[in-house]
Amino acid sequence: MVLRALTAALVRPFGYTTVRTPRGFRISRRHSQELVYLHDYAGGYEEYRATQVFHNQRKLDAVWADEGTLQALATHLLQHHPEPRAGICHGARNGYEVELLGRLTGAKMIGTDIAETATRFPNMVVWDFHEDNPEWHGRFDFVYTNSLDQAMHPQRALAAWARQLAPGGHIYIEHTMQHSAAGASEMDPFGAHPMCMPYLFFQWGRGLYRLVDILEPGPKRNNRKPVWMFVLEREPGA
């Protein structure tokens, strides 16, 4: 740990950082000057999956979501869906947001994670959130994630989530500067500056979904980072 911290301090002025991997840490270029970044895995999907599982298990007790941000989501949701039936959280790791959103909204919740450890937690299932699941089509009044940065193919993931929405449903994407290109790496392969996200939603969502609102709940209670909540809805007839 000391060696990694020392190495990170030495390489930071040159635009590099250190990244933990299943094989130890390595030096990686930072992407601070880029507006959008998507990591290319030399080992393809298998490397991506192994990396995600590794970091999931390493951070199994860590929680990124916070009550203040999720309360803002619930307030917006209940204004549009006074009695939501069901919701799904993608990349939910230990199910914190699954349990809390269930209490805040009254909806029946499930959560997904790519790692087998998901089965240790209530209402969690093992699932790669990129994948389409016909059983979930039109089933959920809302989809929530703070893990779009963990997508190998964010456009594909969003398309799958849009198909999961019931009529009038919403997708809530939590985004911070930590989710920008500067924070992207093997661990979090997708990064985009918050100002770029509306453009990406417009490009990727043509005919599938559209951006309808941006919530700004204020700094997160657990780490004080400013947060944006992008709200998407499925295009009529999609």
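Here the structure is shown first, and the text comes after it.
Below, the structure is looked at part by part. Since we're looking at a predicted model, the values are computed, not measured.

Details of the packing of helix α3 (residues 67–80) against helix α4 (residues 96–105)
The interhelical angle for the contact between α3 and α4, taken along N-to-C directions, is 45°, at an axis separation of 10 Å. Taken as axis vectors, α3 and α4 run oblique relative to one another. Pair α3 / α4 crosses with right-handed handedness. Mapping the contact onto sequence places Glu67, Leu70, Gln71, Leu73, Ala74, Leu77 and Leu78 in α3 and Tyr96, Glu97, Leu100, Leu101, Leu104 and Thr105 in α4. Among the residues making up the contact of α3 with α4, the classes are represented as 9 nonpolar, 2 polar and 2 charged.

A word on the sheet that holds strand β4 (residues 86–90)
Strand order in the open sheet made by the 7 strands is β6-β5-β4-β7-β8-β11-β10, with mixed pairing throughout. Each of the sheet's edge strands pairs with one partner strand only, and the pair in question is β6 (124–126) and β10 (209–215). On average, each strand axis in the sheet is tilted by 25° relative to the strand beside it, whichever way the strands run. For β4 and strand β7 (residues 140–145), the ladder comprises 4 bridges, and the chain directions are parallel. In the strand pairing of β7, His90 is matched with Thr145. Of the strands in this sheet, β8 (165–175), β10 and β11 (228–234) touch helix α6 (residues 197–204), which is tilted by about 160° from β10.

Notes on the pairing of strand β5 (residues 108–113)
Among the 6 residues of β5, 5 are classified as buried, and the element is accordingly described as predominantly covered. When β4 meets β5, the two strands line up parallel, connected through 5 bridges. By the bridge assignment for β5, Cys89 is matched with Gly111. With α4 bridging β4 and the parallel β5, this β-α-β connection has right-handed handedness.

Some points on helix α5 (residues 154–163)
Every α-helical turn comprises 3.6 residues, leaving residues that sit three or four positions apart pointing alike. Taken across its 10 residues, α5 has 7 buried, putting it largely inside the fold. Listed as buried for α5 are Pro154, Ala157, Leu158, Ala159, Ala160, Trp161 and Ala162.

Section: the nonpolar core
Ranked by size, the top nonpolar core spans 32 residues in total, and within it Leu148, Leu158, Trp161, Ile171, Ile173, Met197 and Phe201 carry the most contacts. For this core, the secondary-structure elements that each account for two or more residues are α2 (44–58), β4, β7, α5, β8, β9 (190–192), α6 and β11. Top contributing element to this core by residue count: α5, with 5 residues. For Ile171, the residues in contact, after removing those within four places along its chain, are Val143, Leu158, Trp161, Ala162, Leu165, Phe230, Val231 and Leu232.

What counts, and at which threshold
Residues numbered from 1 in each chain as written. Predicted model: local features only at pLDDT ≥ 70, side-chain atom pairs only at ≥ 80, totals over all residues. Heavy atoms only, no water. Axes fitted to C-alpha atoms, helices over the stretch in contact; angles between N-to-C directions. Helix = DSSP H or I, 4+ residues; strand = E, 2+ residues; numbered from the N terminus. Parallel < 35°, antiparallel > 145°, perpendicular 65-115°, else oblique. Left-handed = near helix turned anticlockwise from the far one by under 90°. Contact = heavy atoms within 4.5 Å. Nonpolar A, V, L, I, M, F, W, Y, C, P; charged D, E, K, R; others polar. Pairing = 2+ DSSP bridges. Buried < 20%, exposed > 50% of the residue type's maximum accessible area, 1.4 Å probe, protein only. Right-handed = clockwise from strand over helix to strand, strands pointing away. Core = buried A, V, L, I, M, F, W, Y, C linked by side-chain atoms within 4.5 Å.

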